[in-house]
Amino acid sequence: MDLHCIAFLMRVACVSCHTVAAQMSLEDCCTNGQGHGVDKQECASLPLISESTNCRIAQEQCCMAALEDTSCTQGINMAKDEGDCKSLLSGSSCETKTARMCCECCLLGRALQDQKLSCHLGLPVSHQCGQVSHACCLDGNHFGNRNTEDRFPMLLCGSALMSNVPHLFPLIPSLHWPLPQPRPHTGPSHSDINECLLGSYNCRAGERCINTVGSYRCQRVVSCGTGYELTESNICKDVDECETGTHNCGPELECQNTQGSFRCRPRVRCGSGFIQDALGSCIDINECLSQTAPCPSGQLCINTVGSYTCQRNTVNCGRGYHLNEDGTRCVDVDECQGPDAACGGHGCINQLGSYRCECRAGYAFNSISRSCDDINECRHYPGRLCAHKCENTVGSFQCSCTPGFKLASDGRNCDDVNECESSPCSQECANVYGSYQCYCRRGYQLSDVDGVVCEDIDECALPTGGHICSYRCHNTPGSFHCTCPELGYSLAPNGRNCQDIDECVTGTHSCSVTESCFNIQGGFRCLSFECPTNYRRSGEARPRVERSDIIRCVKSCQPNDISCILDPVHSVSHTVISMATFRDFSKPEEIVFLRTMQPASFSMGVPDIVFDILEGNEHNYFDIIKRYEHGMTVGVVRQVKPIIGPLHVVLKLAMNYVTSGVVSHRNIVNVHVFVSEFWF
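Here the residue index of a chain counts from 1 through its sequence in written order. Under the rules for a predicted model, residues below a pLDDT of 70 receive no local features and side-chain atom pairs below 80 are neither given nor counted, while totals for whole chains, interfaces and linings still include all residues. The side-chain figures draw on all heavy atoms in the structure; neither hydrogens nor water molecules are used.

Here we look at the packing of helix α4 (residues 94-114) against helix α5 (residues 127-138)
As a reminder of what qualifies: Helix axes are fitted only over the stretch in contact, all axes being lines through C-alpha atoms; the angle between N-to-C directions runs from 0 to 180 degrees. Helix and strand labels come from DSSP, where a helix needs a run of H or I of at least four residues and a strand needs a run of E of at least two; each type is numbered from the N terminus. For this classification, under 35 degrees means roughly parallel, over 145 means roughly antiparallel, 65 to 115 means roughly perpendicular, and everything else is oblique. Less than a right angle of anticlockwise turn of the near helix away from the far helix marks a crossing as left-handed, whereas a clockwise turn marks it as right-handed. Whether two residues are in contact is decided by their heavy atoms, any of which lying within 4.5 Å being enough.
Where α4 meets α5, the axes come as close as 7 Å, and the angle between the chain directions of the two elements is 45°. With respect to α5, the axis of α4 lies oblique. Of the two elements, α4 crosses α5, and the hand of that crossing is right-handed. Counting all contacts with α4, which are made through Thr-98, Met-101, Cys-102, Cys-105, Cys-106, Leu-108, Gly-109, Leu-112 and Gln-113, the residues of α5 involved are Gln-128, Cys-129, Val-132, Ser-133, Cys-136 and Cys-137.

A word on the state of the cysteines
Quick note on the threshold: Sulfur atoms of two cysteines make up a disulfide when they are within 2.5 Å. A 1.4 Å probe rolled over the protein chains alone gives each residue an accessible area, and that area as a share of the maximum for its type sets the label: buried under 20%, exposed over 50%, partly exposed in between.
This structure, assessed with the given rule, holds 32 disulfides. With a sulfur-sulfur separation of 1.8 Å, Cys-196 is cross-linked through a disulfide to Cys-209. Its torsion about the S-S bond being -75°, the disulfide of Cys-196 and Cys-209 is classed as left-handed. With Cys-196 in helix α8 (residues 195-198) and Cys-209 in strand β1 (residues 207-212), the pair connects residues that are 13 residues apart, well separated along the chain. Under the relative-accessibility criterion, Cys-196 is labelled buried at 0%. For Cys-209, a relative accessible area of 1% translates into the label buried. Across the disulfide, Cys-460 is cross-linked to Cys-473 (sulfur-sulfur distance 1.8 Å). Judged by the torsion about the S-S bond (-75°), the Cys-460/Cys-473 disulfide is left-handed. Placement of the pair is Cys-460 in the loop between β24 (454-456) and β25 (472-476) and Cys-473 in strand β25, with a sequence separation of 13 residues. For Cys-460, a relative accessible area of 22% puts it in the partly exposed group.

A word on the UniProt feature "domain: EGF-like" (unreviewed entry) in the protein chain
The line we're drawing: UniProt positions are given in the numbering used here, feature names are shortened, and annotations may be inferred rather than shown by experiment.
As recorded in UniProt, the feature "domain: EGF-like" (unreviewed entry) lies at residues 374-415, 416-450 and 456-499. What you have in residues 416-450 is 0% helix and 40% strand, and the ends, taken at the C-alpha atoms, are 22 Å apart.

Some remarks on the side chain of Glu-68
To be explicit about the condition: None of His or the chain ends enter the tally, which takes Lys and Arg as positive and Asp and Glu as negative. For this analysis, a salt bridge means a side-chain nitrogen from Lys or Arg found within 4 Å of a carboxyl oxygen belonging to Asp or Glu. Two N or O atoms form a polar contact when they lie within 3.5 Å of each other; inside protein one atom must be a possible hydrogen donor and the other a possible acceptor, and for residues adjacent in sequence the pair counts only when both atoms belong to side chains.
Along the chain, Glu-68 turns up in helix α3 (residues 53-82). It is Lys-97 that comes nearest to the buried, bridge-free Glu-68 among opposite-charge side chains, at 11 Å. A polar contact of 2.8 Å, which involves the side chain of Glu-68, links it to the side chain of Thr-98.

With respect to the sheet that holds strand β35 (residues 589-599)
Rule in force here: Pairing between strands is defined by DSSP: at least two bridges between the two strands are required.
Within the open sheet, the 3 strands sit side by side as β35-β38-β37. Their pairing is antiparallel. The open sheet is flanked by β35 and β37 (622-629), the only strands paired with a single partner. Strand-to-strand twist of the sheet, defined as the mean angle between neighbouring strand axes without regard to direction, takes the value 20°.

Comments concerning helix α2 (residues 26-40)
The cut-off we apply is this: Between the first and last residue of a helix there are one fewer steps than residues, each counted as 1.5 Å, and that sum is the expected span.
Helix length check: α2 (15 residues) gives 21 Å between terminal C-alpha atoms against 21 Å at 1.5 Å per residue, within 8%. Among all positions in α2, only Leu-26, Cys-29, Cys-30, Gly-33, Gln-34, Gly-35, His-36, Gly-37 and Val-38 are buried. Where α2 is buried, its residues meet α3, β1 and β2 (215-220). Positive backbone phi, at 60°, marks Gln-41, one or two positions downstream of α2.

Quick look at the confidence of the model for the protein chain
Inclusion rule: pLDDT is a residue-level measure of predictor confidence that goes from 0 to 100.
Confidence along the protein chain averages 80 in pLDDT terms, with 85% of residues attaining 70 or more. Confidence, expressed as mean pLDDT per element, reaches its minimum in the protein chain at helix α1 (residues 3-13) with 34 and its maximum at strand β20 (residues 414-416) with 94. Taken as a whole, residues 1-22 scores under 50 in pLDDT and shows 33 contacts with residues more than four places along the chain or in a different chain. Here residues 141-189 is a poorly scored stretch, pLDDT under 50, and it has 110 contacts once near neighbours within four places are set aside; other chains count.

Looking at the pattern of salt bridges
With the rule as written, the count across this model stands at 8 salt bridges. Between Arg-100 and Glu-104 there is a salt bridge, and its shortest N-O distance comes to 3.2 Å. Note that Arg-100 and Glu-104 are positioned in helix α4 at a spacing of 4 residues, about one turn of the helix. Classification of Arg-100 as partly exposed rests on a relative accessible area of 34%. Of the charged contacts, one joins Arg-627 and Glu-590 as a salt bridge, the two residues approaching to 2.8 Å between their closest N and O atoms. Taken as a pair, Arg-627 in strand β37 and Glu-590 in strand β35 lie far apart in primary sequence, 37 residues in all. A network of salt bridges, in which partner residues are shared, links Glu-590, Arg-595, Arg-627 and Glu-629.

Okay, here's the thing in structure tokens:
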């Protein structure tokens, strides 16, 4: 037996051994599982018919036995029909291995029959293999001349499998297995005879043989179909849906059973002269149409509700005719003379049984309605009647123009309208073909709302408004004007920039005669430079100090003043610069240049010049570097950080002359830096 099948049996044997009251007998449970395996050819979706564990085991084992029977039968039939089992070598499922085993064991039985030996296989094979071999050996004379599926529809593969099951069931006290005990491999024994294997059954065509313990039964191969059920006697019996309540008839209908189905009939019956539809409604029968000549000759049939009546025939004149005064014949009707005015005011011509209208211009005669219909000239002649728009009227048409045009004197063309004559624009207007265009004077723009009104442009609010004026921008209707700070600045001739007022030149400063006036951006400063002790001023005092001016004090010692003579500072100078606040500071700006009279030299004994900032650079706004220009040594003071004015700072710079690492003498330069509040 296949290891997978043995593992399944062991799993079944190890279920819980609690005693459960069986609602169905084990024979019924087995029959249900066996029938499911035969019909469905699978046991995975086996429905449980009882909560009993023993019943479930019986269902599963009998279903597996049925599958084993079917697989074994397939293997035997392959051995008989094809003479080999090669097509079963590749499969690994339990069913395929069972079919292969039965196929090969059947081939052994055929070999015994061909060699005219005893059909009792003397090899130590399984009991199931021995049964298959014995049956194929006994039936060998019939191979090839009968339908093997009819003679051997079911073999003992499953029964042989189930013969080993009771060895496991003593573990379950409440289970009484109905099958016979397995016979030992030695000595005589009694076992069930498989009538389906031996062919000793009597099943009709369309039925298959299913072996049972001590007997067999026949089961239909094809199901009964919808509306029928299979009885215990293997007969398809009609299902009465009306009795079982499985119909879908509504409350106003009643169920009537038929063979294999049912019908829904109305509960209320209709009387004579009516027919009933599928919903039960009574519909009148038109006997004049459904019957052949219901009335005698010379009479007319008239249908009524639920019946009909017969009337004598009368003369019926067609359209356009009427009976004469005697009522014996039909004469023409003159529609043109009638009070209804058949042609509605148009010309009318009478004809036999009819009439014809002569329509006025703009109308056409309609032969179906026999009247004069209006002609839609705009639709019949599109684009040829009017220059712009055409509107149909009764019997004619009318032209109109689009906005911006007026109808010409001919009533069809359109002339341009000069809208500017009515002054639609707030400032300037230009007439164009079919319209007009408004435009504005400088400093205004058209409104986005109506495109007619000119609105003032706020130049100060434009993205470039911050650069229109140096200081402040003031918008005016249609223009703008710039202003400057109240003190120290005046508006430039271009009306936008602010220029500094030099109070020292205009004489509007307030410096005394002992002070020097120095102009700065936006103002002035009164400066007074005094030389320190032991220093005298070089040059005359000036009433006004320029940017490039330097006030120098040179050392002048008394003959016996040793400390003055030993002081290394030879001169003290003052210079003044004025700067604006840099609006966009991105790189260092060079502001002061300290030029020496000593040529640049790297020879021994020639002093080197070292520049340094001694005071006034607490915020590190400045630095000083040394470079060489035209063979001379130059110290350059740079602004390295942005400065926001107003600010006044004094930078004390030193020019050190160093020889052999020792400062031989020094010159001091005081730079007075004035930074204005504005960038201009």
